[in-house]
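# Coordinate inspection notes
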Amino acid sequence: MADKIIRDLRDFLAILRKEGELIEIAAEVDPYLEIAEIHRRVIAAGGPALLFTKVKGSRFPVVTNLFGSARRMELAFGRRPLDFVVELVRAAENLAPTLKTVWEKRGLLGQMLRVGTKLHRDGPILEGCMTPARLSELPLLTSWKSDGGPFVTLPLVYTEHPDGRGHNLGMYRIQRYDDTSTGIHWQIHKGGGFHYHEAEKRNEDLPVSLFIGGPPALMLAAIAPLPENIPELLLASLLQGEKFPLVKDPRGGHLLPAMAEFVAKGFVEPHVRRPEGPFGDHYGYNSLQHDYPVFRVERIYHRRDAIYPATVVGRPRQEDFYIGDFLQELLSPLFPLVMGGVKQLKTFGETGFHCLAAARVTDRYPREAFASGLRILGEGQLSLTKFLILTDGDLDVSDFPKLWRHVLERVNWQTDLFVFANVSQDTLDYTGPSVNKGSKAMLMGLGKKIRRPLPESFTATLPAGCSHPRPYLPGTLVVQGSTYKDDPELPARLAKHGDLEQWPVVLLVDDTRAATASLQEFLWTFFTRFEPAADIHAATTSVDRFHVGLTAPVVIDCRLKPWYTEVLEVDAETRRLVDGRIGKILPAPWAGKV
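Note that the structure is a prediction, hence the values are computed from the model and not measured. (Residues numbered from 1 in each chain as written. Predicted model: local features only at pLDDT ≥ 70, side-chain atom pairs only at ≥ 80, totals over all residues. Heavy atoms only, no water.)

## Details of the overall build of the chain
Tallying secondary structure elements over the chain gives 19 helices and 28 strands in all. Projecting the C-alpha coordinates of the chain onto the three principal axes gives extents of approximately 75 × 70 × 55 Å. Residues counted as buried form 58% of the 594 residues belonging to the chain. For the chain, contacts bridging at least 24 residues in sequence account for 73% of all contacts bridging at least 6. Carbon together with sulfur atoms contributes 52% to the accessible area of the chain, which is approximately 24600 Å² in total. Between the mean site of the 71 positive side-chain charges and the mean site of the 72 negative ones, the chain shows a separation of 3 Å. (Helix = DSSP H or I, 4+ residues; strand = E, 2+ residues; numbered from the N terminus. Buried < 20%, exposed > 50% of the residue type's maximum accessible area, 1.4 Å probe, protein only. Contact = heavy atoms within 4.5 Å. Areas by Shrake-Rupley, 256 points an atom, 1.4 Å probe, with all protein chains shown as cover. Lys, Arg positive; Asp, Glu negative; His and termini not counted. Charge placed at Lys NZ, Arg CZ, Asp CG, Glu CD.)

Listed below in structure tokens is the structure:
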């Protein structure tokens, strides 16, 4: 499918249908909790996209799980955009092109000429218009019982800088309050939030357009972690393979994507906030209610036979895992250009992406790796990374077991762990002392010299309050402990226990069996349940030249803390409802697999 241009959602659905990657469900389903639970079961079983043609309370069908497998990502985008980026980087590296190299890159030049936007006189998005807006007619999903209401879960939020300095297309969650207003989950470090901040300083409304649906290229462009001044619509054009079609709004304002399914248009007032949330987020926890700006919706354009696309987020792996992996493959050739010394970079979807990143870097002079780490932590959304692992080893950093072993064999605990306290932290990460505040850590394992053999079995004793020891990866012992509420000082005592001095890392968890059930569960438990400045302990610590050095074992407290939010779980009523209906909703063989 690499050469086929997919111009809208139904083009993509036709491909999925042809490839056996789409199930059409005729039974009536409820957008309140039921669709989300069906989706979760199907994606957990490796199932196809789901088109619900009869949705309670709405005339519009719903499609979910569009991108919930590597196969469907390939069907959506093929190899062409990946190959284009590789060729673009190669061309950029050739600073003195000759006629021969220009001729060799003629295909690349041709593709570049097709990147951009094109204004059309008309488009399907103008087939219908709700004025005034009636958001209640759209089948927004409520995914979890604890959610504060229905949300647009694939929102493509378009804004322009008040000074005309470019646009932003981002995915910021939208909570419906009523027919004409929603919450908008903006943060100042994100593009749309920055535009709003600038408008608010002037006491001006910020015009906002909410795109829903359209070609896969448009949806992916909104998620991509592009540098601040690179237009997302250009990426949409690159992914689509042609100039991206736009049409004029008959009533003025932002241009509209010609092939979108819905576009809600309106504005966000300055200095107005309203409680938004709670919401079950992609870390696998329940993010709490906080005050956010309010989007006033004036009208909704839509196709005559519009299809409402949605996703469901929650405990990894969900659909965003596959989207994130594709985006990393797409953008990874650019990393060495924008961040010198960074050869490979990986953020781990198993941890919600921001909790863990790893990089293979050069270390040609003392502490060059440290400089590369600072570049990573200063780059766009990568600045939200909580734990960064660096190595100059010749290995694939996306292979966590190999990476972790390589680093633990080489790390010098006196010099190679850096903890940065009192810095910003992702809004959705509640491990810090308060919202948006926390810490980061950078761990380095450099050089060829192996400092220590890594133990792989444990037969010694544990202190009181600890049980169920299990070596999960070489050099890493997982230990079950009393709850944090009952014994907050347990990790300090565990670190000083003499029988553990051969173990570089000990993880203290609430449930060893759950934490070691799979690599996915290990990574999720490890990196989403600790804050570096508060939860890292060691047998001894020392300060030399303002740097804290540690003596193994390094104990990381990954127990749930009282201020953490709840782990997302399906409520019993919804589980029973879907248990009773799933055989009638899904066709064989999927009904028996979920």
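## Things to note about the nonpolar core
In this structure, L66 and L330 are the most contacted members of the largest nonpolar core, which totals 53 residues. Sort the elements by how many residues they give to this core and helix 8 (residues 216–223) lands first, with six residues. Residues A36, V152, F262 and I300 belong to the second largest nonpolar core, which totals 45 residues. (Core = buried A, V, L, I, M, F, W, Y, C linked by side-chain atoms within 4.5 Å.)

## Structural notes on the sheet that holds strand 3 (residues 62–64)
Two strands in a sheet stick together by hydrogen bonds in their backbones, pointing the same way (parallel) or opposite ways (antiparallel). With respect to topology, four strands assemble into an open sheet ordered 1-2-3-18, the strand pairing being mixed. Two strands close off the open sheet at either side, each with one partner strand: strand 1 (22–25) and strand 18 (308–309). Packing against the sheet, helix 1 (residues 9–18) makes contact with strand 1, strand 2 (49–52), strand 3 and strand 18, and its axis sits at approximately 105 degrees to strand 1. (Pairing = 2+ DSSP bridges. Axes fitted to C-alpha atoms, helices over the stretch in contact; angles between N-to-C directions.)

## Quick notes on the confidence of the model for the chain
Taken as a whole, the chain shows an average pLDDT of 92; of its residues, 95% reach a score of 70 or greater. Across residues 98–103, confidence stays below pLDDT 50; counting only partners more than four residues off in sequence or on other chains, it has three contacts. (pLDDT = per-residue confidence, 0-100.)

## Details of the packing of aromatic side chains
Scanning the entire structure with this criterion turns up 25 aromatic pairs. Ring centres 5.8 Å apart and planes at 15 degrees place the aromatic pair F12 and F67 in the stacked group. Within this pair, whereas F12 is found in helix 1, its partner F67 is found in the loop between strand 3 and helix 3 (70–77), the two being separated by 55 residues in sequence. We note that F12, like F67, is buried. When the centroid spacing of 5.4 Å and the interplanar angle of 80 degrees are considered together, the rings of F321 and Y322 count as edge-to-face. Each member of the aromatic cluster is reached from another via a ring pair, and the members are F348, F387, F400, W404, Y472, F522, F526, F527 and F530. Sitting above the plane of the Y177 ring, R274 keeps its charged end 3.8 Å from the centroid. K593 extends its terminal NZ or CZ atom over the ring of W590, reaching a point 4.4 Å from the ring centre. (Phe/Tyr/Trp six-rings, centres within 6.5 Å; stacked < 30°, edge-to-face > 60°. Lys NZ or Arg CZ within 6 Å of the ring centre and 35° of its normal.)

## Some words on the environment of G314
Topologically, G314 is positioned in the loop between strand 18 and helix 10 (319–331). A sequence separation of 255 residues divides G314 from E569, and the C-alpha atoms of the two residues are 9.1 Å apart. Sequence-distant contacts of G314, that is, excluding residues within four places in its chain, are made with W144, D281, H282, Y283, G284 and L568.

## Comments concerning helix 18 (residues 572–585)
In this model, helix 18 (14 residues) spans 19 Å end to end at C-alpha, consistent with the 20 Å of a helix rising 1.5 Å per residue. Along helix 18, the helix axis deviates most sharply at D579, where the bend reaches about 35 degrees. The complete set of buried residues in helix 18 reads T574, V578, I582 and I585. Buried residues along helix 18 sit in contact with strand 1, helix 2 (34–44) and helix 19 (590–593). (Expected span 1.5 Å × (residues − 1). Bend = angle between axes of the 7 residues up to and from the residue.)

## A short note on the pairing of strand 20 (residues 353–361)
One face of the sheet, then the other: side chains in a regular strand alternate in exactly this way. Counted residue by residue, strand 20 has eight buried out of nine residues, so it is predominantly covered. Here strand 19 (residues 342–348) runs beside strand 20; their pairing, made up of six bridges, is antiparallel. Its bridge partner being in strand 20, T347 is matched across the sheet by A357. Connecting strand 19 to the next strand, strand 20, in antiparallel fashion are four residues, including G352 with a positive phi near 85 degrees. Summarising the sheet, strand 20 and strand 21 (residues 387–391) pair through five bridges and their orientation is parallel. If you follow L356 over to strand 21, its bridge partner there is F387.

## A short note on the sheet that holds strand 20
Read across the sheet, five strands follow the order 19-20-21-23-22 without closing on themselves; strand pairing throughout is mixed. Edge positions in the sheet fall to strand 19 and strand 22 (417–424), since each has one partner strand and no second. Direction aside, neighbouring strands of the sheet carry axes that sit 15 degrees apart on average. Together, strand 19, strand 20, strand 21 and strand 23 (437–445) form the strand contacts of helix 13 (residues 400–410), whose direction differs from that of strand 21 by roughly 75 degrees.

## Some points on the side chain of Q344
In this fold, Q344 is placed in strand 19. Residue classification places Q344 among the buried positions, given a relative accessible area of 19%. Within polar-contact distance, the side chain of Q344 engages the side chain of D396 at 2.7 Å. A polar contact of 3.2 Å, which involves the side chain of Q344, links it to the backbone nitrogen of V397. Sequence-distant contacts of Q344, defined by excluding residues within four places in its chain, comprise A358, A359, R360, L395, D396, V397 and S398. (Polar contact = N/O pair within 3.5 Å; in protein donor to acceptor, adjacent residues only side chain to side chain.)

## Section: the environment of F12
Judged by relative accessible area, F12 falls into the buried class, the value being 0%. Each C-alpha atom, one on F12 and one on L33, is 26 Å from the other, the two residues being 21 residues apart in sequence. Leave out the neighbours within four places in its chain, and F12 touches I6, L66, F67, R72, L75, A76 and P216.

## What to know about the pattern of salt bridges
For the structure on display, the rule yields 42 salt bridges. Where D249 meets K265, a salt bridge forms, and the shortest distance between an N and an O atom there is 3.0 Å. Of the two residues, D249 sits in the loop between strand 12 (244–247) and strand 13 (256–257) while K265 sits in strand 14 (residues 262–276), which places them 16 residues apart along the sequence. There is no split in this pair, since D249 and K265 are both buried. If you follow the salt bridges from partner to partner, you end up with D8, R10, E261, R303 and D305 in one network. (Salt bridge = Lys/Arg side-chain N within 4 Å of Asp/Glu carboxyl O.)

## Quick notes on the packing of helix 13 against helix 16 (residues 519–528)
For the pair helix 13 and helix 16, the least separation of the axes is 12 Å and the interaxial angle reads 55 degrees. Considering the angle they form, helix 13 stands oblique to helix 16. The residues of helix 16 that touch helix 13, namely those facing F400, P401 and W404, are L519, F522, L523, F526 and F527. Tallied by class, the residues present in the contact of helix 13 with helix 16 amount to eight nonpolar, no polar and no charged. (Parallel < 35°, antiparallel > 145°, perpendicular 65-115°, else oblique. Nonpolar A, V, L, I, M, F, W, Y, C, P; charged D, E, K, R; others polar.)

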